[in-house]
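Here are the chains, one letter per residue:
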Amino acid sequence: MSIPKSPHKILTLFGTRPEVIKLAPVIRELEGRPQIFRTINVASGQHAELFHPFVRLFDIRIDHNLEIMRENQTPNQVCARVLSEFEPILAQQEPDLLLVQGDTTTAMAGALTAFHRRIPVGHVEAGLRSGNVLSPYPEEMNRRLITRLATYHFAATEHNRETLLQEGIAADSIFVTGNPVVDSLNAILARKPRLPRIEEILSSTSGMKRIVLTTHRRESFGEIMEGNLRVLRRFVERHDGVALIFPVHLNPAVVEKAKSILSEHPRIHLTSPLGYEEFVFLLSQAWLIVSDSGGVQEEAPTLGKPLLILRENTERPEAIQSGVARLVGGDPLRLEEMLEEAIGDESWITKVGKTENPFGCGDSGKRICQILESLVTGPAWKGHGRTQTNAD
Ligand code: UDP
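Below is a short write-up of the structure. Everything numeric in this text was worked out from a predicted model, so none of it was measured.

**Here's the deal with the site of the ligand**
Working step 1: Near the ligand lie 15 residues; those nearest to it are His216, Leu274, Gly294, Gly295 and Glu299.
Working step 2: Here a nitrogen atom of the ligand and a backbone polar atom of leucine 274 are 2.8 Å apart.
Working step 3: Here an oxygen atom of the ligand sits 3.1 Å away from a polar atom, N or O, in the side chain of serine 293.
Working step 4: Relative to its unbound accessible area of 540 Å², the ligand is 92% covered by the protein chains.
Working step 5: At the level of secondary structure, the elements contributing two or more residues to the shell around the ligand comprise helix H1 (17-31), helix H11 (276-284) and helix H12 (295-303).
Working step 6: Of the residues belonging to the shell around the ligand, the class tally is eight nonpolar, four polar and three charged.

**A short note on the environment of glutamate 31**
Working step 1: Along the chain, the position of glutamate 31 falls in helix H1.
Working step 2: Once the C-alpha coordinates of glutamate 31 and cysteine 369 are considered, the two residues, 338 residues apart in sequence, prove to be 9.7 Å apart.
Working step 3: The contact partners of glutamate 31, leaving out residues within four places of it in the chain, are Thr39, Asn41 and Arg61.
Working step 4: For glutamate 31, the side chain forms a polar contact with the side chain of threonine 39, separated by 2.5 Å.

**With respect to the pattern of salt bridges**
Working step 1: In total, this model carries 35 salt bridges according to the counting rule given.
Working step 2: Glutamate 31 serves as the salt-bridge partner of arginine 61, at 3.2 Å between the closest nitrogen and oxygen. Here glutamate 31 lies in helix H1 and arginine 61 lies in the loop between helix H2 (52-57) and strand E3 (64-65), a separation of 30 residues in the sequence.
Working step 3: Its relative accessible area of 38% is what places arginine 61 among the partly exposed residues.
Working step 4: When the shortest N-O distance is used, the salt bridge between arginine 316 and glutamate 298 registers 2.6 Å. Linking arginine 316 in the loop between strand E12 (307-309) and helix H13 (317-321) with glutamate 298 in helix H12, this pair joins segments that are 18 residues apart in sequence. Note on accessibility: arginine 316 and glutamate 298 belong to one class, buried.
Working step 5: Through salt bridges with shared partners, a single network forms among Lys22, Asp103, Glu125, Glu140, Arg143, Arg144, Glu298, Arg311, Glu315 and Arg316.

**Examining helix H5 (residues 139-149)**
Working step 1: Within H5 the residues assigned to the buried category are Glu139, Glu140, Asn142, Arg143, Ile146, Thr147 and Leu149.
Working step 2: Structurally, H5 contributes buried residues whose contacts are with strand E4 (97-101), helix H4 (105-116), strand E5 (121-126), strand E6 (152-155) and helix H6 (158-166).

**Topic: the pairing of strand E8 (residues 209-214)**
Working step 1: Most of E8 sits out of view: five of its six residues are buried.
Working step 2: Sheet topology note: the E8/strand E9 (residues 242-247) ladder contains four bridges and is parallel. Looking at E9, one finds that arginine 210 is bridged to alanine 243.
Working step 3: Assessed by its sense of winding, the connection that carries the chain from E8 through helix H9 (residues 223-238) to E9 is right-handed.
Working step 4: The pairing of E8 with strand E11 (residues 288-291) spans four bridges and is parallel. Looking across to E11, one finds that threonine 214 is bridged to serine 291.

Parameters at a glance
- Residues numbered from 1 in each chain as written.
- Predicted model: local features only at pLDDT ≥ 70, side-chain atom pairs only at ≥ 80, totals over all residues.
- Heavy atoms only, no water.
- Near = heavy atom within 4 Å.
- Polar contact = N/O pair within 3.5 Å; in protein donor to acceptor, adjacent residues only side chain to side chain.
- Areas by Shrake-Rupley, 256 points an atom, 1.4 Å probe, with all protein chains shown as cover.
- Helix = DSSP H or I, 4+ residues; strand = E, 2+ residues; numbered from the N terminus.
- Nonpolar A, V, L, I, M, F, W, Y, C, P; charged D, E, K, R; others polar.
- Contact = heavy atoms within 4.5 Å.
- Salt bridge = Lys/Arg side-chain N within 4 Å of Asp/Glu carboxyl O.
- Buried < 20%, exposed > 50% of the residue type's maximum accessible area, 1.4 Å probe, protein only.
- Pairing = 2+ DSSP bridges.
- Right-handed = clockwise from strand over helix to strand, strands pointing away.

Written out as structure tokens, the structure is:
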């Protein structure tokens, strides 16, 4: 007979900035119910410089750090290190459930490690699909694998739920909760801190149409990224009232192209990666966002800002259907056309702010926590963590 454990131990594993942004609201809610839950927060260390400022910003306690970061490691090396470093933590902690988020190799390898130990896995942001296993790579495959490994699926939208159902996932294991990025973004917007670095950029671009750019995805590297950056420079040169602000990702492939193509123009501002408060405030002051990021596709509708997506496909069609985002594809000349269309007829830009946010209203963390509470305290809870592992 299994001995009921109380409070229930929920272990989270995360290693990149989007995972921190999206798990923080869930962790906060879980930690607000100490009589029901005990949290164990584990960092994989997949990213280092871009990760720790986010952990500090959201005030997340790190109980274990797997410290798997190595220069230029491959997805297989990340996966192997997570599998070997995470297992002893699971063995020591024996959580009731592992929560992972999204599509990183940390999340996929963590879910596999938990599965091997028969620990149930909850997947936040489940059911996203681009339809092409090689793009985004390796994230699209990671998502699909996590779906197979997970016990509970927290889908952001109805469309994500439909996708999971079509893949044969049981309806009673899927919960539509919105995306916790909206919770985090709202919390950050409410803070209104002093941000000298951004205030300086905003004052020097005051009255201009600001384009905020991010690009760092592997699929964009090489000719596509080079072409897109040249198009953006030409666009700024052609239009006196336009400024470009580009927080440049630390990846050397991006830094090198950004410096060689975009330097030395008074209306082009290159910065190092921004803190989340800085970045969100900058987005809120944009005329247009141009990005290949996944999270930015959810942030643009939340802020009511138009977005050109620098990708061939998207796993977030809701942003396009809501009218906020447009898909550029892989041809820089198409980007040029779309930029000219946007400035030639601003009706799209002005209409965007008025649409409903398809990714929720900022209560996702609470909803996921309430669902977890009813699961772990309900009659159907199998408690298959410690009990079955010990029985093996
Ligand atoms: N972001 C940030 N500072 C920056 C650029 C991006 O805080 O200089 C945030 C952005 O708001 C988004 C997240 O980082 O929420 C996106 O991370 P990334 O593009 O690495 O991952 P993806 O969203 O593509 O999975």
